[in-house]
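# Geometric and topological summary
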Amino acid sequence: MLARLSAIFLSAWPTLVCLVLIGPWLIPALAHFSGNGHRWVDILAQFTAPALIGALVATVLVAFLKRPPLMVVALVGLMVCVIAVLPQAEPARGSPDRSAPVLTVYSANLHADNADVEAISASIEEADPDIILLIELGADAFAARDRFLKGYPYRQSSQTVVPPGSRGSVLIASRYPLSAVDRPRDQLSALHARAETPLGPLHLVGVHMTRPWPFQYQWGQIIHAELLAGRLEGVTDPILVAGDFNTVSSARIGRQIKEQTGLTPAGAWPGTWPTELPSWLGIGIDHQWRSDELVFLSRRIGKRTGSDHYPVVTRITRARPQAPR
């Protein structure tokens, strides 16, 4: 009997090892594919990008087992993880108008307790943006804003309009004239401005959404997404929304934003949080979203600012002419 059990184990252990290595990484991918908006499923769907890296490492380890059928299983699992990441890594790009100017947009969650003005300055200088949207700008950094916003004479700040209890301000700075856009005060930490740019009028929104369940009440992000959609109703200018959404663009809240606003996100890989990890191991929760009149030509991670979030730097231009929204 023992000899038989031993023989079964010896023949089965490579399969068990393969399943242990590959299986856990499929959980976030399956949560994504389910499309289920339940809070438990949604929190798992946030981790598809790290799961892809885990599946890649697991596939390499399975190769050492030297079992071709198990290698096929591992590669199938890896492909499932790749497909789950594609909606946030490579969303629709649109067709650019090659004759239109190109603008660089910089957005970042600076963290309310971050007073590293030198790092912030170096990050913005390296990106050399035309438009800047800063989220969670703390009191110390706000007081020193002239040091890292040289060359950006046009500014709008939410210092007096963020909801009570919000951590820090939202600030929009530009090389081009800005005018404030009045919106009702609500639970959403956001700032609106209209920029007169070489691309024409551009409606800018800097936003900081609440954290997901279980870190906040389960309806918090849903309410914030609805408020954001409500603020954009009736806007006829091209729209660019940027900030910290505390969710990947392919999960429940990202799908809600797409459905209710019609906006399209820039690619979100490498990730933006946390900075304790290399960006290729992180989660893309800081985004820039565009209306159909615009196209993202590129998106990259910016130089660290001293925050626990990496900045996002994009290049945008006008889309090919199309029917008005």
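In what follows, the structure referred to is the one given above.
Keep in mind it's a predicted model, so treat the numbers as computed, not measured. (Residues numbered from 1 in each chain as written. Predicted model: local features only at pLDDT ≥ 70, side-chain atom pairs only at ≥ 80, totals over all residues. Heavy atoms only, no water.)

Before going further, it helps to examine the packing of helix H8 (residues 220-232) against helix H9 (residues 252-261). Relative to each other, H8 and H9 sit at 20 degrees, their axes nearing to 10 Å. Put simply, H8 runs roughly parallel to H9. In this structure, the crossing between H8 and H9 has a hand that is right-handed. Together, Gln-221, Ile-222, Ala-225, Glu-226, Ala-229 and Leu-232 of H8 and Arg-252, Ile-253, Gln-256, Ile-257, Gln-260 and Thr-261 of H9 make up the contact between the two elements. Along the lines of polarity and charge, the residues of the contact of H8 with H9 split into six nonpolar, four polar and two charged. (Axes fitted to C-alpha atoms, helices over the stretch in contact; angles between N-to-C directions. Helix = DSSP H or I, 4+ residues; strand = E, 2+ residues; numbered from the N terminus. Parallel < 35°, antiparallel > 145°, perpendicular 65-115°, else oblique. Left-handed = near helix turned anticlockwise from the far one by under 90°. Contact = heavy atoms within 4.5 Å. Nonpolar A, V, L, I, M, F, W, Y, C, P; charged D, E, K, R; others polar.)

Another aspect to go through is the sheet that holds strand E7 (residues 200-208). Here six strands make up an open sheet; going across it, the order is E5-E6-E7-E8-E10-E9 and the pairing mixed. With one partner strand each, in any of the chains shown, strand E5 (178-180) and strand E9 (264-265) form the two edges of the open sheet. Where strand E8 (residues 239-244) meets strand E10 (residues 286-290), five bridges bridge the pair, whose relative direction is antiparallel. Paired with Ala-242 across the bridge in E10 is Gln-288. In the packing of H8 onto the sheet, contacts are made with strand E6 (189-197), E7 and E8, and the angle to E7 comes to roughly 160 degrees. (Pairing = 2+ DSSP bridges.)

Attention now moves to the sheet that holds strand E4 (residues 169-174). Taken together, the six strands give an open sheet; going across it, the order is E3-E4-E2-E1-E12-E11, and neighbouring strands pair in mixed fashion. Of all the strands in the sheet, the pair left with one neighbour each is strand E3 (154-157) and strand E11 (294-301). Each strand axis lies, on average, 15 degrees off the axis of its neighbour in the sheet, ignoring direction. Relative to strand E12 (residues 312-318), strand E1 (residues 102-109) runs antiparallel, the two sharing six bridges. Following the sheet pairing, Leu-103 is matched in E12 by Ile-316. Strands in contact with helix H5 (residues 117-127) are E1, strand E2 (131-137), E11 and E12; relative to E1, the strand with the most contacts, it is inclined by about 160 degrees.

Moving on to the nonpolar core. Within the largest apolar cluster, 22 residues are counted, with the highest numbers of intra-cluster contacts made by Ile-131, Leu-133, Ile-172, Leu-202, Leu-204, Leu-240 and Ile-316. When contributions to this core are tallied by element, the ones reaching two or more residues are E1, E2, E4, E6, E7, E8 and E11. Those residues in contact with Leu-202, other than ones at most four positions away along the chain, are Ile-131, Ala-193, Arg-194, Ala-195, Thr-197, Pro-238, Ile-239, Leu-240, Leu-294 and Ile-316. Within the second largest apolar cluster, 19 residues are counted, among which are Tyr-106, Ala-108, Leu-137 and Phe-142. (Core = buried A, V, L, I, M, F, W, Y, C linked by side-chain atoms within 4.5 Å. Buried < 20%, exposed > 50% of the residue type's maximum accessible area, 1.4 Å probe, protein only.)

Their axes nearest at 9 Å, the elements helix H3 (residues 48-63) and helix H4 (residues 68-89) cross at an angle of 165 degrees. The orientation of H3 relative to H4 falls into the category roughly antiparallel. For the pair H3 and H4, the crossing hand works out as left-handed. The residues of H4 that touch H3, namely those facing Thr-48, Ala-49, Ala-51, Leu-52, Ala-55, Leu-56, Thr-59, Val-62 and Ala-63, are Leu-70, Met-71, Ala-74, Leu-75, Leu-78, Cys-81, Val-82, Ala-84, Val-85 and Gln-88. The class makeup of the residues in the contact of H3 with H4 is 16 nonpolar, three polar and no charged.

This part covers the packing of aromatic side chains. Under the defined criterion, the tally for this structure stands at two aromatic pairs. Measuring from centroid to centroid gives 4.8 Å for Trp-40 and Trp-213, while their planes differ by 70 degrees, and the two rings are edge-to-face. Here the residue Trp-40 occupies a position in helix H2 (residues 39-45), and Trp-213 occupies one in the loop between E7 and H8, the gap between them amounting to 173 residues. One cation-aromatic arrangement involves Arg-39 over Trp-213; the distance from NZ or CZ to the ring centre is 5.3 Å. Taking NZ or CZ as reference, Arg-145 lies 4.0 Å from the ring centre of Phe-142, over its face. (Phe/Tyr/Trp six-rings, centres within 6.5 Å; stacked < 30°, edge-to-face > 60°. Lys NZ or Arg CZ within 6 Å of the ring centre and 35° of its normal.)

Summed over all chains, the structure comprises eleven salt bridges. Across the pair Glu-126 and Arg-300 runs a salt bridge whose closest N-O atoms are separated by 3.5 Å. Of the two residues, Glu-126 sits in helix H5 while Arg-300 sits in strand E11, which places them 174 residues apart along the sequence. Overall, the relative accessible area of 41% leaves Glu-126 in the partly exposed class. Note that Arg-194 is salt-bridged to Asp-237, the shortest N-O span being 2.7 Å. Here Arg-194 is found in strand E6, whereas its partner Asp-237 is found in the loop between H8 and E8, with 43 residues between them in sequence. Assessed through its relative accessible area of 27%, Arg-194 is described here as partly exposed. Classification of Asp-237 by relative accessible area gives buried; the value is 15%. By sharing partners, the salt bridges in this structure join Asp-128, Asp-130 and Arg-175 into a single network. (Salt bridge = Lys/Arg side-chain N within 4 Å of Asp/Glu carboxyl O.)

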